[in-house]
Amino acid sequence: MRGKVVLLALLALAVGLPALAAGDAQSAEAAANLVLKKYYMFVAMGGAIGLGLAALGGGIGQGHAVNGTALGTARNPSMSGKLLTVMMIGLAMIESLVIYMLVIVLIILYTNPFHI
């Protein structure tokens, strides 16, 4: 049964393919514009999702860093200066990862692979 369905689908594709091939230059240009629009749509969606995940991970990491520093300061208040310094360096490193993701998204968004 499954083989018959696949055979019928391939037959329908073979019969309908010449209708898709016939066209003029204007329809080819419209098809190329459609491909370009779809490309930018997927790049924008992927960039938004990627940047959102990077920001989510960065926020979780920064929360853990601040939590650890607060607990360390509560246990040993005399170490608060050193803990604060280490925490600030760690927060800067975590935030730089999110900024790197933003740079990657902008590069992908503004690079046109269809430019000749």
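Residues numbered from 1 in each chain as written. Predicted model: local features only at pLDDT ≥ 70, side-chain atom pairs only at ≥ 80, totals over all residues. Heavy atoms only, no water.

A. Focus on the overall build of the chain. Counting its secondary structure elements, the chain contains 3 helices and 0 strands. Ordered by position from N to C terminus, the α and β elements of the chain give α-α-α. Considering the chain as a whole, with its 116 residues, one finds that 8% of them fall into the buried category. Within the chain, contacts between residues separated by at least 24 positions form 78% of all contacts whose residues are at least 6 apart in sequence. (Helix = DSSP H or I, 4+ residues; strand = E, 2+ residues; numbered from the N terminus. Buried < 20%, exposed > 50% of the residue type's maximum accessible area, 1.4 Å probe, protein only. Contact = heavy atoms within 4.5 Å.)

B. Structural context of the environment of A65. Tracing the sequence through the fold places A65 in helix 2 (residues 25-75). A relative accessible area of 23% means that A65 is categorised as partly exposed. Considering only alpha carbons, one finds A65 and L91, 26 residues apart in sequence, at a separation of 7.3 Å. If we ignore the near neighbours within four places in the chain, the residues touching A65 are M87 and L91.

C. View of the packing of aromatic side chains. Overall, the coordinates contain 1 aromatic pair when judged by the stated rule. Where Y39 meets Y40, the ring centres are 5.3 Å apart and the plane angle is 70 degrees; that geometry is what we call edge-to-face. (Phe/Tyr/Trp six-rings, centres within 6.5 Å; stacked < 30°, edge-to-face > 60°.)

Keep in mind these values describe shape, not function.
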